Amino acid sequence: MAFKLSVTDRRLWALAWPLMLTNLTVPLLGLVDTAVLGHLESPEYLGAVAVGANLFTILYWTFGFMRMGTTGLAAQAWGKRDSFSQVALLLRSVMLAVGIGLLLILCHQPLIRIGLTLMNASPEVTDLAAEYAAIRIWSAPAVLCQYTLVGWLIGTQYARGPMIMLIVANGLNIVLDVFFVTVLGWNSRGVAIATVIAEYGAAIIGFVIVLQRMPDGQRLTRALFGTLSDYLAILQVNRYIMVRTIALLLVLAFFTAQGARQGDTILAANAVLITFLLLISNALDGFANAAEALIGEAVGRNSRRRFMVVFRCALRWSLWGSLLLTILFIAGGRSLIALLTGIEEVRTTAWQYLPWLWLLPFASVWGFLFDGVFIGATRTRDMQNTMLFSALGVFAPIWWLTTGWGNHGLWFSLICLMLARAASMGLLCWSHTRNDRWFSVR
């Protein structure tokens, strides 16, 4: 009997594959940064970009609700076929993104100084990272606008928009990366300049795509801009995502800082392996992002049957994806590390911790999937609470108990964090389903 995809399978894949390609371009940039700098004469450049990029991951993804919250709300408005709400949400979210981005530029000096102090890298790495950060901060308005545009496009089920937007822009970043670093010799400074140019390129492309997707008959009116209370309502709805994201990113920053305490070689080796974690998350997030849109649509239409069909479909494909990534890292992990850096001591060190990479896909897939479900249903408070439990109740004590294991203890703690998220979110998902709380007023 021939294998056939269900209607839901086809809809999920129609959204997931463009988002998967889109998401994979994000760690591809990290792979290029790592490969270009990893073949220079000193690991300090690689360490500087690892520290600087991690700082901006924390800084920008603190406002990741601009993407995640927009997706859930846009998906529910899409399910209700409410064109006014769709356009009003986009316009107000973009205005918030620009305002927050400009505020970050104004306040960047103390933010960068505090962040680099907490990273606790060597003086040489810190100086290079400060130079990198002083350039990267200028991309703040563009990055936050991208989050909003991508979230709205996913929520309104136009997954090819983010794909076009980010692949073209990230391709530009890669070309500029190689040119600035290998031709002009700008090292970590060149990586920062290339990223800023590409971020604005992505935002411009995104605005062009969104303008072509405006609902027919919806004109630009004063009512779309709303009042101050409308903007505060968006921030209030998403405050839980913000806390959840800060907690997650502080864990990753702590991970980098603890690696830095063990020397520049450990820092660089962890940077190589964390690049693969980004590869995992962005690949599997394709299914989670598709689930956000379809779950949100089901909630908007108040369809319980549709909700469960989408959930089971997304779960099945997410598990298959994690299995394929596990096989990839077991079979080719050493070769992939060798491609990313030619520094022998960094290669050798990264190979020592490679088995932890083998565990990452299966440990992390559950959290990615449940994030998609909870975002689509706008159950953001649950996301916050489970993350705080996993970070403070699991990661922190396990790290403290395994400090004698060195870098192995650090990786073990990260795996436990992911498993704790899986268990806590899974229990809540089961409880909400059993007690019919997904569709209740929050």
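For the structure itself, look to the data block above.
Below or above, wherever it landed, is the structure these notes cover. Residue numbers here run from 1 along each chain, matching the order of that chain's written sequence. Per-residue local features are limited, in this predicted model, to residues with pLDDT of at least 70; the limit for side-chain atom pairs, both in listing and counting, is 80 or more; totals at the level of whole chains, interfaces and linings are taken over all residues. Side-chain metrics in this entry use all non-hydrogen atoms of the structure; hydrogen atoms and water are not considered.

## Focus: the environment of Pro-162
Logical step 1: Segments assigned H or I by DSSP are reported as helices when at least four residues long, segments assigned E as strands when at least two residues long, and all are numbered from the N terminus. Topologically, Pro-162 is positioned in helix H8 (residues 160–183).
Logical step 2: Under the scheme applied here, a residue whose accessible area is under 20% of the maximum for its type counts as buried, over 50% as exposed, and between as partly exposed, the area being computed with a 1.4 Å probe on protein chains only. Judged by relative accessible area, which is 0%, Pro-162 ranks as buried.
Logical step 3: Residues Pro-162 and Gly-206 lie 44 residues apart in sequence; the distance between their C-alpha atoms is 7.3 Å.
Logical step 4: Any two residues having at least one pair of non-hydrogen atoms within 4.5 Å are treated as being in contact. The contacts of Pro-162, once residues within four sequence positions are left out, are Leu-19, Thr-22, Val-150, Leu-153, Ile-154 and Ile-167.

## Comments concerning unusual backbone geometry
Logical step 1: In the Ramachandran plot, Gln-157 falls in the positive-phi region, its phi being about 60° despite a non-glycine side chain.
Logical step 2: Of note, the phi angle at Asp-436 is positive, near 55°, even though the residue is not glycine.
Logical step 3: Examined against the element boundaries, Asp-436 turns out to sit in the segment after helix H18 (407–434).
Logical step 4: The partly exposed category is assigned to Asp-436, whose relative accessible area is 40%.

## Observations regarding the side chain of Asp-382
Logical step 1: Note on placement: Asp-382 falls in helix H17 (residues 380–401).
Logical step 2: It turns out Asp-382 is buried and unbridged, and the closest side chain with the opposite charge, Arg-379, is 4.7 Å from it.
Logical step 3: At 2.6 Å, the side chain of Asp-382 and the side chain of His-432 are in polar contact.
Logical step 4: For Asp-382, the residues in contact, after removing those within four places along its chain, are Phe-374, Leu-428 and His-432. Neither His nor the chain termini are counted; the positive set is Lys and Arg, and the negative set is Asp and Glu. For this document, the term salt bridge refers to a Lys or Arg side-chain nitrogen within 4 Å of an Asp or Glu carboxyl oxygen. Think of a polar contact as two N or O atoms within 3.5 Å of one another; within protein, one of them needs to be a possible hydrogen donor and the other a possible acceptor, and neighboring residues in sequence only count if both atoms come from side chains.

## Some words on the packing of aromatic side chains
Logical step 1: A pair of Phe, Tyr and Trp rings is counted when the ring centres sit within 6.5 Å of each other, with Trp represented by its six-membered ring. The angle between the planes then sorts it: under 30 degrees is stacked, over 60 is edge-to-face, the rest tilted. Summed over all chains, the structure comprises 14 aromatic pairs.
Logical step 2: Taken together, a centroid distance of 5.8 Å and an interplanar angle of 65° make the contact between Phe-307 and Phe-439 edge-to-face. In this pair, Phe-307 is assigned in helix H14 (residues 304–340) and Phe-439 in the segment after H18, connecting sequence segments 132 residues apart.
Logical step 3: Their ring planes at 50° and their centres at 5.5 Å tell us that Trp-405 and Phe-412 sit as a pair that is tilted.
Logical step 4: Using a relative accessible area of 27% as the deciding quantity, one classes Phe-412 as partly exposed.
Logical step 5: Taken together, the aromatic side chains of Phe-307, Phe-374, Trp-438 and Phe-439 make up a single cluster linked through ring pairs.

## Details of the packing of helix H12 (residues 239–261) against helix H13 (residues 264–300)
Logical step 1: At their nearest, the axes of H12 and H13 sit 7 Å apart, and the two run at 145° to each other. For the pair formed by H12 and H13, the contact residues are Phe-255, Thr-256, Gly-259 and Ala-260 on the first element and Ile-266, Leu-267, Asn-270 and Ile-274 on the second.
Logical step 2: For the contact of H12 with H13, the per-class residue count stands at 5 nonpolar, 3 polar and no charged. Interaxial angle, 0 to 180 degrees, is taken between N-to-C directions of lines fitted to C-alpha atoms, where a helix line uses only the stretch in contact. Three categories are distinguished: nonpolar for Ala, Val, Leu, Ile, Met, Phe, Trp, Tyr, Cys and Pro, charged for Asp, Glu, Lys and Arg, and polar for the others, with Gly belonging to the last.

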